[in-house]
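Coordinate analysis (summary)
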Amino acid sequence: MDKQQLKAERKTLILSGLTGLCGYGTLAVLFSSYVTFSIFPVLAFAMALYCLYQEYMRKPMAEGIPAVASACFFVGVFGYAALLRAEYPDMGSNFIPLMITLALLFWVSYKMGIMDKKEKKAA
């Protein structure tokens, strides 16, 4: 999997992160007493899931992209969990969701080639 393929798949990765974020927001709205009810996370989750499905049907995923896309999904889930727990400290500590989010972000950036060292040109 090279950088060109990953740059072409950015839309899929962003949509999968957004789907994870909206999915956890939907669960929080429906089942958490700390979060007030709103229909907007449910609508956003449905639209993000639909757009991700349309992107999947439009073109097949390159090799290695499903693993990175699922990692982006969990970045959205655990990132929103950490944000929610920071906003409402009574829910518990946000340390574990934050550490999982950071570990997944490092792994995704490594897989996308963002953390590669640039070679210096000899003068």
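We now turn to the structure provided with this report. Along each chain, residue indices are assigned from 1 in the same order as the chain's sequence is written. Residue-level local features of this predicted model are given only where pLDDT is at least 70; pairs of side-chain atoms are given and counted only at 80 or more, and the full residue set underlies all totals for whole chains, interfaces and linings. Water and hydrogen atoms were dropped before computing side-chain values, which therefore reflect all heavy atoms in the structure.

1. Quick notes on the pattern of salt bridges
What counts is decided by this rule: A carboxyl oxygen of Asp or Glu within 4 Å of a side-chain nitrogen of Lys or Arg is what we treat as a salt bridge. The helix and strand labels rest on DSSP assignments: H or I over at least four residues marks a helix, E over at least two residues marks a strand, and numbering proceeds from the N terminus. Only protein chains enter the calculation, and the probe is 1.4 Å; a residue is then buried if its accessible area is under 20% of its type maximum, exposed if over 50%, and partly exposed in between.
All chains considered together, the criterion is met by four salt bridges. Put simply, Glu9 and Lys59 hold a salt bridge, and the shortest N to O gap is 3.3 Å. Of the two residues, Glu9 is situated in the loop between helix H1 (3-8) and helix H2 (10-31) and Lys59 in the loop between helix H3 (40-58) and helix H4 (65-87); the sequence distance between them amounts to 50 residues. Residue classification places Glu9 among the buried positions, given a relative accessible area of 6%. Given a relative accessible area of 21%, Lys59 falls into the partly exposed group. A salt bridge links Lys11 to Glu55; its shortest N-O distance comes to 3.4 Å. Placement of the pair is Lys11 in helix H2 and Glu55 in helix H3, with a sequence separation of 44 residues. A single salt-bridge network, built from bridges that share partners, covers Glu9, Lys11, Glu55, Arg58 and Lys59.

2. What about a nonpolar patch on the surface?
Definition in use: The patch calculation keeps residues exceeding 30% relative accessible area without a salt bridge and links them within 9 Å when they carry like charges or within 5 Å when they are nonpolar (Val, Leu, Ile, Met, Phe, Trp, Tyr). Note on areas: these come from Shrake-Rupley sampling with a 1.4 Å probe, and a residue is covered only by the protein chains present in the view.
Taken together, the side chains of Phe95, Ile96, Leu98, Met99, Ile100, Leu102, Leu105, Phe106, Tyr110, Ile114 and Met115 define a hydrophobic patch exposed on the protein surface, amounting to about 1,100 Å² of accessible area. Turning to its location among the elements, Ile114 is positioned in the segment after helix H5 (95-112). Exposure remark for Ile114: the relative accessible area of 60% places this residue in the exposed category.

3. Some details on the side chain of Thr26
Here is the rule we go by: N or O atoms closer than or at 3.5 Å make up a polar contact, with two conditions inside protein: a donor-capable atom paired with an acceptor-capable one, and, for residues adjacent in sequence, both atoms drawn from side chains. Every residue pair with non-hydrogen atoms within 4.5 Å of one another is taken to be in contact.
Tracing the backbone shows Thr26 in helix H2. Thr26 sits in the buried class, given a relative accessible area of 9%. Only 3.0 Å separates the side chain of Thr26 from the backbone oxygen of Pro41, close enough to count as a polar contact. Not counting the four nearest positions on each side in its chain, Thr26 is found in contact with Pro41, Val42 and Phe45.

4. Comments concerning the packing of aromatic side chains
The way to describe two aromatic rings as a pair is by their centre distance and the angle between their planes. How we decide: Note on ring pairs: Phe, Tyr and Trp rings are taken, using the six-membered ring of Trp, and paired if centres are within 6.5 Å. Classes follow the plane angle, with under 30 degrees stacked, over 60 edge-to-face and the rest tilted.
Applying the stated rule across the entire model yields four aromatic pairs. Plain terms: the ring middles of Tyr34 and Tyr88 are 6.0 Å apart, the flat faces sit at 35 degrees to each other, and that makes the pair tilted. Here Tyr88 lies in the loop between H4 and H5 and Tyr34 lies in the loop between H2 and H3, a separation of 54 residues in the sequence. Taking relative accessible area as the criterion, Tyr34 reaches 33% and is therefore assigned partly exposed. Taking relative accessible area as the criterion, Tyr88 reaches 26% and is therefore assigned partly exposed. Residues Phe73 and Phe74 carry aromatic rings whose centres are separated by 5.4 Å and whose planes lie at 80 degrees to one another, so their mutual orientation is edge-to-face. Exposure remark for Phe73: the relative accessible area of 30% places this residue in the partly exposed category. The partly exposed category is assigned to Phe74, whose relative accessible area is 40%. Members of the aromatic cluster, each reached through a chain of ring pairs, are Phe73, Phe74 and Phe78.

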